[in-house]
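What follows is each chain in one-letter form.
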Amino acid sequence: MATPISHPSKSHQLLRSERRMFSASDDSAMMKQIQSTHAPDGRVVDVKPILQIVDNVLRHITPNIDHALSGGHEHMDTTDDRTSPAAMDDMLEALAYMIQKISCEISCKCSGGGDAHGITMALLNTLSSFSWDAKVVLVLAAFAVNFGEFWLIVQLCTTNSLAKSVALLKQLPDILEHSQTLKPHFDALNKLIKAMMDVTKCIVEFTELPSQYILSDVPPMSIAMAHIPTAVYWTIRSVVACATQITSLVGLRHEFVTSTSEAWELSSLAHKVSSIYEHLQKLLHLCYQHIDEKKQTEAYEGLKHSLETPQLDNLKILLKIFSLRKEDPQSLLGPDKTKIHMDTLRRKHVLLLISDLDISHDEIQVLEVMYNYERVSAALNYEIIWLPIVDRSAWNDNYQQKFLSLQSIMPWYTVHHPSIIEPAVIKYTREVWRFVKKPIVVTLDPQGKVTCPNALNMLWIWGSTAFPFSTEKEESLWKEETWTIELLVDGIEPNLLNWIRQQKVICLYGGEDIEWIQKFTSATKTVAQTLAIGLEMVYAGKNNAMERVKKINSLIKEKQLSHVWQDANVWFFWNRLESMLFSKIQHGKTNEIDVIKQEVMTLLGYDGSEHGWAVFFLGTTEMVRADGDKALSSMQSFGQWEEPAKELGFIPALRQHLEGITDDHHCSRLILPGISGGIAERVVCAECGRPMEMYFMYRCCVE
């Protein structure tokens, strides 16, 4: 058995010089020296196939080294060969001479004990006419040839007579016999080879970045380009160190040096090259971010241009919005949840329901009635598509389940998955259509033209009567409207028309003070009995207080205080009121002359207070309203206006009585949710007509 001895070797001298040069290459003087070797002649080398072959060679060697050093005898060849030699023959034929030349240069100079820096610079000079990525790939290819030949001989020398004879001539040591001594060296070698390959792949990846989206003289690409010569230098320098380590084994069949310094030097090089790789990876990541931003800007401008350009039909617009390709436009699910072709929606009116995953079931339920019944019964040619806006970076299993749950209850078209919605589309919905949090409905006509940036207000106010849901249609509908109980309640109260025909006084009231509700309903019923008039009272609840309203509804029904609405109807009532206000704001109507807008703001202002409110109707238009305190006090002090009530009628007398009440102090609040269409700069108080102050309120209300 060979006896290890300890004496200096040529590799010791070479590796000692590494320590002195480790920091030198990053100096400006060293950079100038490296750059001076670079004189590209413009030739283009497709290095990726060569790098693929190199990777294949080294991927075959590394597991076999580990296997052999662990005591394995048989040859391992389990790695898939990803190369296609036939496709590369022509290219390799042109470069074979250069690869062979570099291979010989590495073998000769590394076995001669030359200076590592000097050898590296010599190789750079030999490759001066090639690009930086070609330099490093060709050197790696030459190293792969040398290392591959070396390992084939070592691996086959125990079973192949030819390999055994060559091993004897080279006096190569028995790897298995000296596995314990050689293992640290080969472990360090494997780590350095991996780092070299990582850096090289990264350098090649930089060359493949699309120049139309990132220029080489613009950061972060320019920063990367400035670092690549250094990365190439240290990668070739590492090849020299690896080749020196392998060459040092030749002629050491019966003796070799057991020096930890060699493994340390390789490990130090691996650390430096790995650091270079990490830095390049960060720059590459920044480049991809830059490219993605450019692509998204291009996509955004393309979408914007398409939406502003007249089209023959809506197909092109829909394909862009849902990021579908003409050859595969089937990422939408139909009402039956099967994939559909986009042609199904060609030349139809399309309503884009845009929301996040917090869209309420109440909204879906009301829209479902319009979609499945009103649309079908009126034979209207429109379809709804859900466009969910989500944060891709925060997507998880909970969001996935939430999405699937919402998708399953929607009877209209939906996307297969929110991920198909490109960032450019999301940006457009936010910047142009002003989607924030509250759902909106953007309408497209059969030619793909946007006819209304948010038709959801129209849908809540008029339902399918507002078809085709254009801004012009919305304006014409408002011109026909007056402030009536039908507009206020619409189809929410099923008994409304009967009550109107029976000439009953109809009282809508709201709030969340159960004591006030009991006193007010009792006093109002007493007044009606005294006047012998028909009275129907309906509790309209309170906006955004569903759980509390549920409890109050139960008490009202239990004590038979008045009629109550189902939860969905309470939500719809308040949502319609807000929609009326938002619609009016979008059309720029002023508070002073717009009666409907003023009445809506008054009711919303009442709801924003801490007290209740009431509005009385007789017929469709005769109306009087009051906040909770005035409404209750008026009913309790009925004796003061009983005679006028008998002469003038209930509502005129109550109005006269309320006008006589002086109110030196009041505090009205109008609370509106965040909306996409903007808020009027000037809003006047419903009580006194003075301009109201504007405040911002952020609310998290968990019932």
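Cut-off values and rules
- Residues numbered from 1 in each chain as written.
- Predicted model: local features only at pLDDT ≥ 70, side-chain atom pairs only at ≥ 80, totals over all residues.
- Heavy atoms only, no water.
- Helix = DSSP H or I, 4+ residues; strand = E, 2+ residues; numbered from the N terminus.
- Buried < 20%, exposed > 50% of the residue type's maximum accessible area, 1.4 Å probe, protein only.
- Contact = heavy atoms within 4.5 Å.
- Pairing = 2+ DSSP bridges.
- Axes fitted to C-alpha atoms, helices over the stretch in contact; angles between N-to-C directions.
- Phe/Tyr/Trp six-rings, centres within 6.5 Å; stacked < 30°, edge-to-face > 60°.
- Lys NZ or Arg CZ within 6 Å of the ring centre and 35° of its normal.
- Expected span 1.5 Å × (residues − 1).
- Polar contact = N/O pair within 3.5 Å; in protein donor to acceptor, adjacent residues only side chain to side chain.
- Salt bridge = Lys/Arg side-chain N within 4 Å of Asp/Glu carboxyl O.
- Core = buried A, V, L, I, M, F, W, Y, C linked by side-chain atoms within 4.5 Å.
- Left-handed = near helix turned anticlockwise from the far one by under 90°.
- Nonpolar A, V, L, I, M, F, W, Y, C, P; charged D, E, K, R; others polar.
- Parallel < 35°, antiparallel > 145°, perpendicular 65-115°, else oblique.
- Arc of directions from axis to C-beta.
- Disulfide = S-S within 2.5 Å.
- pLDDT = per-residue confidence, 0-100.

**Q** Please clarify how the overall build of the protein chain should be interpreted in this entry.
**A** Summing up its helical and strand segments, the protein chain has 25 helices and twelve strands in all. Here the protein chain holds 703 residues, and 51% of them are scored as buried. Of the contacts made within the protein chain by residues no fewer than 6 positions apart, 74% connect residues no fewer than 24 positions apart.

**Q** Honestly, the sheet that holds strand β6 (residues 440-444) in this entry has me stumped. Any pointers?
**A** Hydrogen bonds between backbone atoms are what pair the strands of a sheet, whose relative direction is either parallel or antiparallel. In spatial order, the strands read β2-β1-β5-β4-β3-β6-β7; together these seven strands make up an open sheet with mixed pairing. Since the sheet does not close on itself, it has two edges, and those belong to β2 (339-340) and β7 (450-452), each with one partner. Examined bridge by bridge, strand β3 (residues 349-355) and β6 share five bridges and lie antiparallel to one another. When the sheet's bridge partners are listed, L351 is paired in β6 with T443.

**Q** Any chance you could explain the sheet that holds strand β9 (residues 535-539) here in plain terms?
**A** Pairing is mixed in the open sheet, where five strands are placed in the order β10-β9-β8-β11-β12. Of all the strands in the sheet, just β10 (563-564) and β12 (622-627) have a single pairing partner and so form its edges. Bridge analysis of strand β11 (residues 613-618) against β12 gives six bridges, and the strand direction is antiparallel. The residue bridging W613 from the neighbouring strand is D627, located in β12. Taken strand by strand, helix α25 (residues 650-659) contacts β8 (505-510), β11 and β12, and its axis lies near 40° from that of β12.

**Q** What am I meant to see in the environment of K630 here?
**A** Along the chain, K630 turns up in helix α23 (residues 628-636). On a C-alpha basis, the gap between K630 and I661 in space is 8.3 Å, while along the polypeptide they are 31 residues apart.

**Q** Would you mind showing me how to read the packing of aromatic side chains here?
**A** Describing an aromatic ring pair means giving the distance of the ring centres and the angle of the ring planes. The full count for this structure, using the stated rule, is 27 aromatic pairs. Between Y509 and Y539, the ring centres sit 5.4 Å apart and the planes meet at 45°, which makes this aromatic pair tilted. Residue Y509 is located in strand β8, and its partner Y539 is located in strand β9; the two are separated by 30 residues in the primary sequence. Ring-pair connections join several aromatic residues into one group, and the members of that group are Y509, W516, F520, Y539, F616, F638, W641 and F650. A cation over a ring is seen here: R43 above F130, with NZ or CZ 4.2 Å from the ring centre. Geometry around Y371 places R375 over its ring, the cationic atom sitting 3.9 Å from the centre.

**Q** When you look at the side chain of H657 in this model, what are you seeing that I'm missing?
**A** You can see H657 is positioned in helix α25. Taking the relative accessible area as the measure of exposure, H657 reaches 14% and is therefore buried.

**Q** How do you make sense of helix α22 (residues 595-608) when you look at a structure like this?
**A** Spacing of three or four residues puts side chains on the same side of an α-helix, whose turn is 3.6 residues. In this model α22 runs 20 Å from its N-terminal to its C-terminal C-alpha over 14 residues, within 8% of the 20 Å that 1.5 Å per residue would give. When you tally the buried positions in α22, you get 13 out of 14 residues, the bulk of the element. With a side-chain oxygen lying 3.2 Å from the backbone nitrogen of I596, the N-terminal cap of α22 falls on D594.

**Q** I keep staring at the pattern of salt bridges and nothing clicks. Help me out?
**A** Where charged atoms from two side chains of opposite charge come close, those side chains can pair. All told, the structure shown has 24 salt bridges when counted by the stated rule. Between D356 and K437 there is a salt bridge; the shortest N-O distance is 2.7 Å. With D356 in the loop between β3 and α12 (361-377) and K437 in the loop between α14 (423-431) and β6, this residue pair connects regions lying 81 residues apart in the sequence. Its relative accessible area of 13% is what places D356 among the buried residues.

**Q** It is not clear to me how the nonpolar core should be interpreted in this structure. Could you clarify?
**A** Side chains of nonpolar character tend, in soluble globular proteins, to be buried together. By size, the foremost hydrophobic cluster in this structure holds 129 residues, and its most contacted members are F322, F520 and F616. Tallying contributions element by element places helix α21 (residues 567-586) first for this core, with nine residues. Not counting residues within four places of it along the chain, the set of residues in contact with F616 comprises V505, I506, C507, F520, T524, E622, M623, V624, M635, F650, I651 and L654. L51, M221, I236 and I246 belong to the second largest nonpolar core, which has 80 residues in total.

**Q** What exactly am I supposed to notice about the packing of helix α19 (residues 514-531) against helix α20 (residues 546-559) here?
**A** Angle between the axes and distance between the axes: these two values describe a pair of packed helices. At a minimum axis separation of 11 Å, α19 and α20 run at an interaxial angle of 30°. As for the relative orientation of α19 and α20, their crossing is right-handed in sense. Of the residues in α20, those in contact with I514, I517 and Q518 of α19 are I552, L555, I556 and K559. Of the residues assigned to the contact of α19 with α20, the class counts are five nonpolar, one polar and one charged.

**Q** In this structure, what is going on with the packing of α23 against α25? I would like to understand it.
**A** Interhelical geometry of α23 versus α25 gives an angle of 115° and a closest axis separation of 11 Å. Between α23 and α25, the interaxial angle falls into the category roughly perpendicular. Our pair here, α23 against α25, has a crossing hand that is right-handed. Residues K630, S634 and M635 of α23 form the contact with α25, whose own contacting residues are F650, L654, H657 and L658. Its residues assigned to classes, the contact of α23 with α25 shows four nonpolar, two polar and one charged.

**Q** So what exactly am I meant to see when it comes to α20 here?
**A** For α20, which comprises 14 residues, the first-to-last C-alpha distance of 20 Å matches the rise-based estimate of 20 Å (1.5 Å per residue) to within 8%. Those residues of α20 that sit buried are V549, I552, N553 and I556. All buried residues of α20 fall inside an arc of 110° around its axis, so they share one side. In this structure, α20 carries K551 and E558 as exposed residues pointing more than 90 degrees from its buried face. For α20, the secondary structure elements touched by its buried residues are β8, α19, β9, β10 and α21. Note on α20: the residue one or two positions beyond its end, Q560, has a positive phi of about 55°.

**Q** Would you take a moment to explain the state of the cysteines for this structure?
**A** A covalent bond between the sulfur atoms of two cysteines is what we call a disulfide. Under the counting rule described, the total for this entry stands at zero disulfides. Just so you know, C104 is unpaired, no disulfide at all, and the nearest cysteine sulfur is the one on C108, 6.1 Å from it. Taking relative accessible area as the criterion, C104 reaches 37% and is therefore assigned partly exposed. With no disulfide partner, C242 has as its closest neighbouring cysteine sulfur the one in C110, 9.7 Å distant. Overall, C242 belongs to the buried group, its relative accessible area being 0%.

**Q** What is the right way to read the environment of F617 from this model?
**A** Looking at the secondary structure, you find F617 in strand β11. Taking relative accessible area as the criterion, F617 reaches 0% and is therefore assigned buried. With 111 residues separating them in the primary sequence, F617 and I506 have C-alpha atoms 5.1 Å apart.

**Q** Explanation requested: the confidence of the model for the protein chain in the structure shown.
**A** The pLDDT averaged across the protein chain works out to 83; a share of 81% of its residues lies at or above 70. Confidence drops under a pLDDT of 50 for residues 1-25, and excluding neighbours within four residues, the segment shows 58 contacts in the predicted structure.

**Q** Can you help me understand unusual backbone geometry in this one?
**A** Excluding glycine, residues mostly carry a negative phi; peptide bonds, for their part, are mostly trans. The residue after P219, namely P220, is reached through a cis peptide bond having omega 5°. As for its placement among the helices and strands, P220 is situated in the loop between α8 (179-207) and α9 (221-247). Each neighbour pair has its own omega, and for F467 with P468 the value is 10°, a cis peptide bond. Here P468 is to be found in the loop between α15 (456-462) and α16 (471-480).

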